[in-house]
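# Summary of structural features
So the chains spell out like this:
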Amino acid sequence: MLYDYLLTWIILSSLVPGIMIFFLPEKSVRTRSVLNIFGSLVKMSLVIVLLVQVYQGANIYQSYELLPGIQIELVSDLFSLILAVLSSILWFFTTFYAIGYLEHHHSRSRFFGFFSLVVTATMGISFAGNLFTFLLFFEMLTIVTYPLVVHNGTQEARKGGQVYIAYTSLGGVLFLTGTVWMYVLAGNQTFAAGGFVAEDFANHPMEYSIIFIMLICGLGVKGALFPLHGWLPRAMVAPAPVSALLHAVAVVKAGAFGIVRVVYDVFGVETAQAHGLLEILLYMASFTVVYGSVMALFQDNLKKRLAYSTVSQVSYIMLGVALFGPLGTIGGVIHLVNQGIMKITLFFCAGSFAETYGIKYVSKMDGIGKKMPLTMLAFTIGAFGMMGVPPIAGFISKWYLGMGAVESGMTWVIGVLIASTLLNAAYFLPILYRGWFGTFDASISKKLDTPHETLRLILWPTVSVAVISLLAGLFASLDYSPLYFAKIIGMLEYGAP
Amino acid sequence: MNSAAYLILVPMLLAPLSLIPGQISKLVPSALYVGFGGFVLFQNVGQVSAPEALFMGGWDAPLGIALKMDSLAILFSAASILTWALIVLHGHVFSREEKNPNLRFFWPLSLMLIGSLQAIFFSQDIFNLYVTLELTTLCAVGLLVLQGGRTVYTAAFNYLVSAYVGSMSYLMGVGILYLEYGMLDLVLLGETAEAGKSLYVALALMIFGLAVKTALFPFHFWLPPAHANAWPPVSAMLSALVVKGSFLIIIRLLLGFYEHVSWPFLNLLGLMGGGAILYGSIHAIFHPDIKGVIAYSTVSQIGFMFLMLPLMDSVPEIALLALVLFTLAHMFAKAGLFLAAGNIIRWHAGKKIDSLKGVSNRSMASMLAVGLTVLSLAGLPISMGFAGKWTFLQAVFESGEWWGILGLLSTFLSIAYLYRIFSAMMERPAAENNKPVAPPDVTRCIAEAIPVILGILAICGGFAGTYIAFVLGGA
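Remember, predicted model here, so these are calculated numbers, not experimental data.

## A look at the overall build of chain B
Helix and strand content of chain B: 20 helices and two strands. Projected onto its principal axes, the C-alpha positions of chain B cover 70 × 55 × 40 Å. Evaluated residue by residue, chain B yields a buried proportion of 63% over its 475 residues. Put simply, of all contacts in chain B between residues at least 6 apart along the chain, 81% involve residues at least 24 apart. A total of about 16,400 Å² of accessible surface is found on chain B, and carbon and sulfur atoms cover 70% of it. The average position of the 22 basic charges and that of the 22 acidic charges among the side chains of chain B differ by 18 Å.

And the structure:
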């Protein structure tokens, strides 16, 4: 019973607390926090149970027929596991962080209700076993993140939310159309390693190519591919925990994850390569990598700089997918994990600076390292990771991406990687320099009443995720590390022994 | 007598009882009917594969009046009684703070209304349909004028006149068919009628009349003022239930005369539907009032239902499923949204969209109700409206009728106007919003819970797609 419906339980473990939280009175902070933490603990344990089950060879699968011939399918393959593990761990830390961060904010029941629904949608996306199920949860994600983006309730928040809805509904409709068309044309939509349209592709090359582009563009809106990324910097009006979750595991990651699914499990990487579709993705991704980094250089607002950095970094995932060859695949898949951990660290820090001293701009960050050394240290780890400095997680990604580029004979991609690394350094190092070596402006006073550098509920999650991103790099070669799974995926997709 | 007749007659007989003064005598007849109706439908839903026909008065067709319990009728009947029950319960608690003495007619009129709607759903006889249509209109207008006031009387007059024109047109069509074939039974007519000038003229007249009654663009002008200005539970009833009656007759006519109706006819209806989507949506996007937006959204959504009709030609089964899903989703969601709007206007904000600021902070239930119903109306997953939209797109791609892609335009437009309501609620509370937060008493709790229940129905109905397809397949 437990094992048969395990995937449903995992989804319910955040849906049920979410719904309960909606109906809690604003003042019952304790009940709400207990529900939140309990939910995330249950989810983490269930995900661990799932891992053990899958390791023992169990095939955990569920389906429900929603419309004639249209199934909701939940599966637990390697891709699902990677995203599920990542998001359940990061949700756990973000829950604590959010409880601390929102201590003095308004409408917290609303916030935490939707917060749990976001994680529900993310879990659904990771377990989705066919395009239809993916679409359901993907759209659900759009809807439940909207109230979080506009949570502050200001005019600016409303405008940001409007841009967000405009972009994502465009993407959603494209993706919906592509999915229906695909279903009618192929008569099937269940994800399968090697793709399920591989054989049928030659019969309708034109139609399938259009569908591919529709799906990629639909997903690219969330994955912030240029020129569909415009909403991301605007959505920065959201509270920090939301931005962190949005960038690390939820919206942006869902887009990237979807592209991974479409290339590997819908079309099949070999079919996509043979018909020149991967090339389109490669050019889009390469351009976005450089574009995002260049734009980040010019942002003074710290969160916006991080947002453009996400635009660039998430395209590494697409880049890895588009490089035909197992090493590129490993690079892309591992970056799915690494980018999540490092980006959440950076956003936690940014939120912490803003909440503790009201510092939102890079130009105001002089000397913050002396006041908040641990937070600044975490930021430094995250930033060095993004640049690809060993032994932090980001180095592993870049290493495999570079090898993938060589393997597939696309040496110009190495140029893209180097350019992006230099640009990363150019927009991160000044922050670090200011933070550690600048002089703190004495007129800025602490907004929070705490003897520590910041609230402990904000500080410890930040430090923990920084440590995780260090560990993910240091112990990458161990069995059962994210890299281990990425390697298996790489081997499976290319049929290598 | 068969059970369909009970479903129609019982509420008519119960209606006078609800005029007895007192809270209990108002609610008991409705409650009795809901229990009874649920029982009857539950008994019959198992037998969908063998529709049961009844010939009233012992006369066989073509002379007698046939009532038939087929799957389409059972689905619409069950959904309408459920929605109606929730609306009436809401009306019951909502009326407590009202001083308006006319409201005592709300209960008998709504009982008559649901009875005559059941007659529409179950009738197989085109003249009997005319009678029930008239009865529905009279009840609807009666409900509308309960609110009182000059705007409402003007709206009611326009409603009455347009409905009358529609009925006359329909009746003329019926007359032509009767003169030509000497029969009124829909099934028999469908079997015997031959394509020809008289059939086309008759069908055109009937469908024109029904389109006016369903408020299809450009005959929609009477709908927005009526629906936007009625007493909130009445708005819900008009928008969610009444327009579905005449629309179901159109579906029945198309199914009955399936072999004789050719594509230009259907495409014209689809084209008008497209016009309705554009016209209704654009008005909804710019309308300053909450209920005005919702009323124009009904115009647009009705347009979408008509837009699906041309697909009945090439892929009838999927198209019918899409139609049923979409129409039922609209029933639940629109009822919920109008009731939620009524609650919000009474307890939390003003009539204007701009006054909605901070409602989500004041009432979580209202926010959830609006959120859930809006999801379904915009056709976003996971909801019944989405199931309808998905099936519609599937029909479009399977039939190769590429114009159907334009239906996606309606998704954008509906997101645009529904977004206005929801996003306004999410803003910071306006300082001038001084409505005191009344202590949540039982009355208000029930009134705020009912739209949430309707919203949940509009969402969960999406999971019943396979069952509905199965029930329809048995027809």
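After that view, the rundown keeps rolling.
## Focus: the overall build of chain A
Secondary structure summary: chain A contains 20 helices and two strands in total. Relative to a compact globule of 497 residues, whose C-alpha radius of gyration would be 23 Å, chain A shows 21 Å and is just as compact. Expressed along its principal axes, the backbone C-alpha trace of chain A runs to roughly 70 × 50 × 45 Å. By the burial criterion, 63% of the 497 residues in chain A qualify as buried. Partitioning the intrachain contacts of chain A with sequence separation of at least 6 by distance along the chain shows that 80% fall at a separation of at least 24. With an accessible surface of roughly 16,600 Å², chain A has 67% of that area assigned to carbon and sulfur atoms.

## What to know about the packing of aromatic side chains
Residues and elements named next belong to chain B. Counted by the stated rule, this structure contains 52 aromatic pairs over all chains. Between the aromatic rings of Phe208 and Phe219, the centroid separation amounts to 5.0 Å while the plane-to-plane angle is 85°, which identifies the pairing as edge-to-face. Separated by 11 residues along the polypeptide, Phe208 in helix α8 (residues 197-214) and Phe219 in the loop between α8 and α9 (223-229) bring together distant segments of the chain. The class for Phe208 is partly exposed, based on a relative accessible area of 33%. With a centroid separation of 4.8 Å and an interplanar angle of 35°, the aromatic rings of Phe304 and Phe326 are classed as tilted.

## Side note on helix α19 (residues 442-460) of chain B
Residues and elements named next belong to chain B. End to end, α19 covers 26 Å across 19 residues, agreeing with the expected 27 Å (1.5 Å per residue, within 8%). Among all positions of α19, only Thr443, Arg444, Ala447, Glu448, Ile450, Pro451, Val452, Leu454, Gly455, Ala458 and Ile459 are buried. Of the surrounding secondary structure, the elements contacted by the buried residues of α19 are α3 (71-94), α14 (316-348), α16 (364-378) and α17 (384-399).

## Description of a nonpolar patch on the surface
A cluster of nonpolar side chains, Val467, Leu471, Leu474, Phe475 and Leu478 of chain A, forms an exposed patch at the surface whose accessible area comes to about 440 Å². In this fold, Leu471 of chain A is placed in helix α19 (residues 456-474).

## Concerning unusual backbone geometry
Residues and elements named next belong to chain B. At the junction of Phe217 and Pro218, the peptide bond is cis and its omega measures out at 5° in the coordinates. Tracing the sequence through the fold places Pro218 in the loop between α8 and α9. Geometrically, the link from Pro381 to Ile382 is a cis peptide bond, its omega value of -10° lying close to zero. Of note, Ile382 is situated in the loop between α16 and α17.

## Some remarks on the environment of Ala425 of chain A
Residues and elements named next belong to chain A. Relative to the helices and strands, Ala425 resides in helix α18 (residues 411-437). Overall, Ala425 belongs to the buried group, its relative accessible area being 18%. For Ala425 and Ala383, which are 42 residues apart along the polypeptide, the C-alpha to C-alpha distance reads 8.4 Å. When sequence neighbours within four positions are dropped, the list of residues in contact with Ala425 reads Met387 and Pro430.

## Digging into the layout of surface pockets
Size it by volume and the largest pocket reaches roughly 1,300 Å³. In this structure, the largest pocket is lined by 45 residues; those nearest its centre are Met140 of chain A together with Leu372, Leu375, Ile382 and Ile459 of chain B. At eight residues, helix α5 (residues 131-149) of chain A tops the list of elements feeding residues into the lining of the largest pocket. Among the residues forming the lining of the largest pocket, the class breakdown is 36 nonpolar, eight polar and one charged.

## So, the pattern of salt bridges
Residue and element names in this part refer to chain A. Taken as a whole, this structure holds nine salt bridges over all chains when the rule is applied. Measuring nitrogen to oxygen at the nearest pair gives 3.2 Å for the salt bridge that ties Asp366 to Arg434. Of this pair, Asp366 sits in the loop between α14 (326-357) and α15 (368-371) while Arg434 sits in helix α18, placing them 68 residues apart in sequence. You can call Arg434 partly exposed: its relative accessible area is 29%. In the salt-bridge network here, residues are joined through shared partners; they are Asp77, Arg261 and Asp265.

## Structural notes on the nonpolar core
Of all hydrophobic cores here, the largest spans 373 residues; its most connected members are Phe267 and Phe379 of chain A. Here Phe379 of chain A is in contact with Leu302, Leu346, Cys349, Phe353, Phe428, Ile431 and Leu432 of chain A, once residues within four sequence places are set aside.

## Quick notes on the interface of chain B and chain A
With 38 residues of chain B at the interface, the matching set in chain A holds 40 residues. Counting each side, the surface lost to burial between chain B and chain A is near 3,600 Å², with a carbon and sulfur contribution of 76%. On inspection of chain B and its partner chain A, the count reaches one salt bridge. With a closest N to O distance of 2.2 Å, Arg158 of chain A and Glu427 of chain B form a salt bridge. Applying the counting criterion to the chain B and chain A interface returns eight residue pairs in polar contact (both at pLDDT 80 or more). Every element with two or more residues in the side of chain B that touches chain A is listed here: α14, α15 (359-362), α16, α17, α18 (407-426) and α20 (465-473) of chain B.

## A closer look at α14 of chain A
Residue and element names in this part refer to chain A. Along its 32 residues, α14 runs 46 Å from first to last C-alpha, staying within 8% of the 46 Å computed at 1.5 Å per residue. For α14, the tally of buried residues reaches 30 of 32 residues, placing the bulk of the element in the interior. Positive backbone phi, at 70°, marks Gly358, one or two positions downstream of α14.

## Looking at the pairing of strand β1 (residues 61-67) of chain A
Across six bridges, β1 of chain A lies against strand β2 (residues 70-75) of chain A in antiparallel orientation. Following the sheet pairing, Glu65 of chain A is matched in β2 of chain A by Gln71 of chain A.

## Describing the confidence of the model for chain A
The predicted model of chain A averages 86 in pLDDT, with 99% of residues at 70 or higher. Ranking the helices and strands of chain A by mean pLDDT puts α5 of chain A first, with 90, and helix α20 (residues 482-493) of chain A last, with 79.

## Overview of the packing of helix α16 (residues 373-387) of chain A against α19 of chain A
All names here are of chain A. One way to put it is that α16 packs onto α19 with a least axis distance of 9 Å and a crossing angle of 30°. With respect to each other, α16 and α19 are oriented roughly parallel. Between α16 and α19 lies a crossing whose hand is left-handed. Between α16 and α19, the residues in contact are Leu374, Thr375, Ala378 and Ile381 and Leu459, Trp460, Thr462, Val463, Ala466, Ser469 and Leu470, respectively. The class makeup of the residues in the contact of α16 with α19 is eight nonpolar, three polar and no charged.

## Overview of the pairing of β2 of chain A
A large share of β2 of chain A lies buried, amounting to five of its six residues. Here β1 of chain A hands over to β2 of chain A after two residues, with Gly69 of chain A in that stretch at a positive phi of 85°.

## Some details on the confidence of the model for chain B
The predicted coordinates should not be examined in detail at positions where pLDDT is low. Residues and elements named next belong to chain B. Chain-level statistics for chain B give a pLDDT mean of 85 and a share of 92% at 70 or above. For chain B, per-element mean pLDDT is lowest for strand β1 (residues 52-56), which scores 62, and highest for helix α12 (residues 290-307), which scores 92. Predicted as a complex, the structure gets a pTM of 0.90 and an ipTM equal to 0.86.

The rules behind the values
- Within each chain, residue numbers correspond to sequence positions counted from 1 in written order.
- Naming scheme: in the order in which they are written, chains are lettered from A and ligands are numbered from 1.
- With pLDDT at 70 or above as the cut-off, local features in this predicted model cover only qualifying residues; side-chain atom pairs require 80 or more to be listed or tallied, and sums for whole chains, interfaces and linings still use all residues.
- Hydrogens and water are ignored here; the side-chain numbers use all heavy atoms of the structure.
- To qualify as a helix, a DSSP run of H or I must reach at least 4 residues; to qualify as a strand, a run of E must reach at least 2; elements of each kind are numbered from the N terminus.
- Throughout, exposure labels follow a simple rule: accessible area from a 1.4 Å probe, protein chains only, divided by the maximum for the residue type, with under 20% read as buried, over 50% as exposed, and the rest as partly exposed.
- Contact definition: two residues touch when any of their heavy atoms are within 4.5 Å.
- Accessible surface area values rest on a Shrake-Rupley calculation with a 1.4 Å probe, where residue burial reflects the displayed protein chains alone.
- Residues scored as charged are limited to Lys and Arg (positive) and Asp and Glu (negative), so that His and the chain ends carry no count.
- To locate a charge, take NZ of a lysine, CZ of an arginine, CG of an aspartate or CD of a glutamate.
- Here the radius of gyration uses the C-alpha set of atoms, whereas the globule reference equals 2.2 Å times the residue count to the power 0.38.
- Note on aromatic pairs: the rings of Phe, Tyr and Trp (six-membered ring only in Trp) are paired at centre separations within 6.5 Å, and the planes decide the class, stacked below 30 degrees, edge-to-face beyond 60, tilted for the rest.
- In this scheme, a helix's expected span is set at 1.5 Å multiplied by one less than its residue total.
- Patches here are clusters of residues that have more than 30% relative accessible area and form no salt bridge, with a 9 Å joining cutoff for like charges and a 5 Å cutoff for nonpolar side chains (Val, Leu, Ile, Met, Phe, Trp, Tyr).
- Each salt bridge in this description consists of a side-chain nitrogen of Lys or Arg and a carboxyl oxygen of Asp or Glu lying within 4 Å of one another.
- Only protein atoms enter the calculation, which uses a 1 Å grid: trapped sets of points that fit a 1.4 Å probe without letting it out are cavities, open sets showing protein on both sides within 12 Å along at least five of seven lines are pockets, and any residue with an atom within 4 Å of a point is a lining residue.
- Grid points are joined across faces, edges and corners, and a volume is the space filled by probe spheres set on the points.
- Each residue is assigned to one class: nonpolar for Ala, Val, Leu, Ile, Met, Phe, Trp, Tyr, Cys and Pro, charged for Asp, Glu, Lys and Arg, and polar for all the others, Gly among them.
- Buried residues of nine kinds, namely Ala, Val, Leu, Ile, Met, Phe, Trp, Tyr and Cys, make up a nonpolar core once their side-chain atoms join them within 4.5 Å.
- Each of two parts loses accessible area, computed with a 1.4 Å probe, when they are put together; buried area is these two losses added.
- Under this definition, polar contacts are N or O atom pairs within 3.5 Å; protein pairs additionally need one hydrogen-donor-capable and one acceptor-capable atom, and for neighbouring residues in sequence, both atoms have to be side-chain atoms.
- Strands are labelled as partners when DSSP assigns at least two bridges between them.
- Along the chain, pLDDT gives the predictor's confidence residue by residue, from 0 to 100.
- For helices, the fitted axis covers only the stretch in contact; all axes are lines through C-alpha atoms, and the angles between them, taken along N-to-C directions, range from 0 to 180 degrees.
- Reported orientations rely on four angle classes, namely roughly parallel under 35 degrees, roughly antiparallel over 145, roughly perpendicular from 65 to 115, and oblique for the rest.
- By the definition used in this description, the sense in which the near helix is turned from the far one sets the handedness, with an anticlockwise turn below a right angle giving left-handed and a clockwise turn giving right-handed.

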